[in-house]
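The residues making up each chain are set out below.
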Amino acid sequence: MMTRRFFTGAALSLAIAFASSTAFASGFGKEAETFIQTMADKAMASFRTQEEGQRNEEFRTLLNEGFDVRAIGKWVLGRYWRKASEAEKEEYLKLFEDFIIVTYSKRFEDYSGDDISLTVTESLEKNDSDAIVRSKIERPNVAEPILVDWRVKQNKDGEKKVVDVLIAGVSMSQTQRAEFVSVIKRGGDNVSSLIEALRSKTEQLASNVNTATQ
Amino acid sequence: MTKPVKTKRWLKNITGIAAIGVILAGCASQQQNADDVNDPIEGLNRVVFGFNTVLDVWFLRPAATLYRGLLPPPVQDGIHNMLANLSAPVVLLNDVLQGEGARAGTTAARFAINSTVGVLGFGDPASGMGYKKHDEDFGQTLGVWGVGEGPYIVLPIFGPSNPRDAVGRVVDYFADPLNMWARNTDRDGITIGRGVLTAVDTRAYYYDAIEDIRNNSLDPYASFRSLYRQRREAAIQNNDGPKVQNSPELSYDFDAPSPGDEELTEAR
């Protein structure tokens, strides 16, 4: 079974300031650690000051700064990326971003009340543009920390971006991919079936949020 | 506590199960493709999944809701700790079978401390002394021994599983000292009561995560399948939680496919 840690971590990921760090990596791994820390500090600061209603837009900005949403969206589609038409690709990527924002900003909100802290513990680098950073999220009154690993890659413009988050060893990108690929398969191998499902789910979730906040 | 006769019985159980383990070993582990869902009986699994969801909505979720509403959080934590402490002998056995000496020591220390100072496991003073909790089961032990997971199966009531983990459940059940004692003394109520309490406690513990998936996923069946398989793999690698005393060792498979693989070289 998956754990509560799993989603707590997902929700917390952006919302945390953390004290660093005893790291063993030197090059890109070390840079990636600093990147994760900076991103979390920034997310925390912005989250404290933002107004109700602006949450989604704030979240969108932070998400695009810290994550390679396009690369994740593309990878999550698996082998169907190639099968999709140009119009479908564009529409899918836009819907994917909205879907991530509506699902994760809610999780983010649910856990933001906790007095939580994130500590980078170590990192491992594959080469000078690919590393994994391990962090530990601790919550008050909970004995067990959540282990969150961040896969960080550098793109051709020299920017560092998160491409995957692993919570207690479970990859968010992989899980999302399993879900999307299954929807496409069941929809007769048509990417349009996923696009339709994403659109109605996002609308439904967004209206739930609106109803809840009114 | 354990009399020689029972020890023999215990050994017999283990031997029988070990034989099944050897049979399972026939389906050795294989490298998985990222999209290989390993689910040949998906149609049937989805039916069982639907059945389990109905059972959950009618019985387990209301029970968990009541449990969360009626018991103060410290009492819920206490019950959670107590159930975990009752499983400690099985965890210890699996630590040993996996050749994890340090982890076995931790489990033994936890059981001794929490059963006494922790008042029958209700408290967890051992964690404060540096003996952090970890989980093991015979499914994981088989995984460590190189047995592949086999096809994904949704069991009625028990939920996501596979042949390896299903065998593991049976072994853990028979190897459990409390169950053994209950069986030998015709106190089935104890085993059933513990099972029901464990189900409610687990459902309550993961309440938010389960509701989250059910509400947000486009295909909850596929999400649970992916989560289950990844969690089990991480658990076998002991990569999912704090290792004994020290920070867990970071190991990572950089060669597994990941987002950004082509994106980084592709012109935008």
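1. What to know about the confidence of the model for chain B
Should the pLDDT be low somewhere, the predicted coordinates at that spot are not to be read in detail. Residues and elements named next belong to chain B. Looking at chain B, pLDDT values average 85 and 80% of them are 70 or higher. A low-confidence stretch, residues 241–248 stays under pLDDT 50, and its non-local contacts, those more than four residues away or across chains, total 18 contacts. Overall, residues 263–268 carries pLDDT values under 50, and its contacts beyond four positions in sequence, including any with other chains, amount to 16 contacts. Reported confidences for the modelled complex are a pTM of 0.83 and an ipTM of 0.82.

2. Describing the pattern of salt bridges
Residue and element names in this part refer to chain A. One pass over the structure, following the stated rule, counts 29 salt bridges over all chains. The salt bridge partner of D189 is K83, with a shortest N-O separation of 3.7 Å. Taken as a pair, D189 in the loop between α7 (172–186) and α8 (191–213) and K83 in helix α5 (residues 80–83) lie far apart in primary sequence, 106 residues in all. One network of salt bridges, with partners in common, ties together E57, R60, K94, E97 and D98.

3. Here we look at the side chain of Q76 of chain B
All names here are of chain B. As for its placement among the helices and strands, Q76 is situated in helix α3 (residues 73–86). Overall, the relative accessible area of 15% leaves Q76 in the buried class. Not counting the four nearest positions on each side in its chain, Q76 is found in contact with Y67, R68, L71 and D201.

4. Observations regarding the environment of K136 of chain A
Residue and element names in this part refer to chain A. Here K136 is to be found in strand β2 (residues 130–138). With relative accessibility at 26%, the residue K136 sits in the partly exposed group. For K136 and I146, which are ten residues apart along the polypeptide, the C-alpha to C-alpha distance reads 5.6 Å. The contacts of K136, once residues within four sequence positions are left out, are S117, L118, T119, T121, P145, I146 and L147.

5. Notes on the pairing of β2 of chain A
Residue and element names in this part refer to chain A. Buried residues dominate β2, accounting for seven of its nine residues. Across nine bridges, the pairing between strand β1 (residues 117–127) and β2 is antiparallel. Pairing of E125 across the sheet is with A131, part of β2. Between β1 and the antiparallel strand that follows it, β2, lie two residues. Where β2 and strand β3 (residues 146–154) come together, eight bridges link them in antiparallel fashion. Bridging across to β3, D130 finds its partner in K153.

6. Some remarks on the packing of aromatic side chains
Per the stated rule, a full pass over the model turns up twelve aromatic pairs over all chains. Aromatic pair W58 of chain B and F59 of chain B: ring centres 6.4 Å apart, planes at 85 degrees, arrangement edge-to-face. With respect to class, W58 of chain B is no different from F59 of chain B; both count as exposed. When the ring of Y152 of chain B is compared with that of Y221 of chain B, the centres are 6.2 Å apart and the planes differ by 75 degrees; the resulting orientation is edge-to-face. Here Y221 of chain B lies in helix α12 (residues 220–236) and Y152 of chain B lies in the loop between α7 (138–144) and β1 (153–155), a separation of 69 residues in the sequence. For Y152 of chain B, a relative accessible area of 3% gives the class buried. Counting every residue linked through ring pairs, the aromatic cluster contains F49, Y152, Y221, F224 and Y228 of chain B. Directly above the ring of W75 of chain A sits R177 of chain A, whose terminal nitrogen or CZ lies 4.3 Å from the centroid.

7. Regarding the environment of M82 of chain B
Residue and element names in this part refer to chain B. Relative to the elements of secondary structure, M82 occurs in helix α3. The class of M82 is partly exposed, set by a relative accessible area of 26%. When near neighbours in sequence (up to four residues on either side) are disregarded, M82 contacts L120, G121 and F122.

8. Here's the deal with the confidence of the model for chain A
All names here are of chain A. Per-residue pLDDT for chain A has a mean of 82; in total, 77% of the residues score no lower than 70. The secondary-structure element of chain A with the lowest mean pLDDT is helix α1 (residues 4–12), recorded at 49, while α7 shows the highest, at 96. Every residue in residues 9–25 scores below 50 in pLDDT, and together they form 62 contacts with partners more than four places removed in sequence or on other chains.

9. A short note on the nonpolar core
The nonpolar side chains of a soluble globular protein tend to be buried, and buried together. Counting 59 residues, the largest nonpolar core has F67, Y92, W150, V152, V162, F180 and L194 of chain A as the members making the most contacts within it. With nine residues, the single largest contributor to this core is helix α6 (residues 86–111) of chain A. The residues contacting L194 of chain A, other than those within four sequence positions of it, are L77, Y92, F180, V183 and I184 of chain A together with L218 of chain B. Among the nonpolar cores identified, the runner-up in size contains seven residues, and Y67, L83, V200 and Y207 of chain B belong to it.

10. Some details on the packing of α3 of chain B against helix α10 (residues 188–205) of chain B
All names here are of chain B. One way to put it is that α3 packs onto α10 with a least axis distance of 10 Å and a crossing angle of 125 degrees. The orientation of α3 relative to α10 falls into the category oblique. The crossing of α3 and α10 is left-handed. Note on element contacts: α10 touches α3 through R194, L197, T198, D201 and Y205, opposite Q76, I79, H80, L83 and L86.

Rules used throughout
Residues numbered from 1 in each chain as written. Chains lettered and ligands numbered in written order. Predicted model: local features only at pLDDT ≥ 70, side-chain atom pairs only at ≥ 80, totals over all residues. Heavy atoms only, no water. pLDDT = per-residue confidence, 0-100. Contact = heavy atoms within 4.5 Å. Salt bridge = Lys/Arg side-chain N within 4 Å of Asp/Glu carboxyl O. Helix = DSSP H or I, 4+ residues; strand = E, 2+ residues; numbered from the N terminus. Buried < 20%, exposed > 50% of the residue type's maximum accessible area, 1.4 Å probe, protein only. Pairing = 2+ DSSP bridges. Phe/Tyr/Trp six-rings, centres within 6.5 Å; stacked < 30°, edge-to-face > 60°. Lys NZ or Arg CZ within 6 Å of the ring centre and 35° of its normal. Core = buried A, V, L, I, M, F, W, Y, C linked by side-chain atoms within 4.5 Å. Axes fitted to C-alpha atoms, helices over the stretch in contact; angles between N-to-C directions. Parallel < 35°, antiparallel > 145°, perpendicular 65-115°, else oblique. Left-handed = near helix turned anticlockwise from the far one by under 90°.

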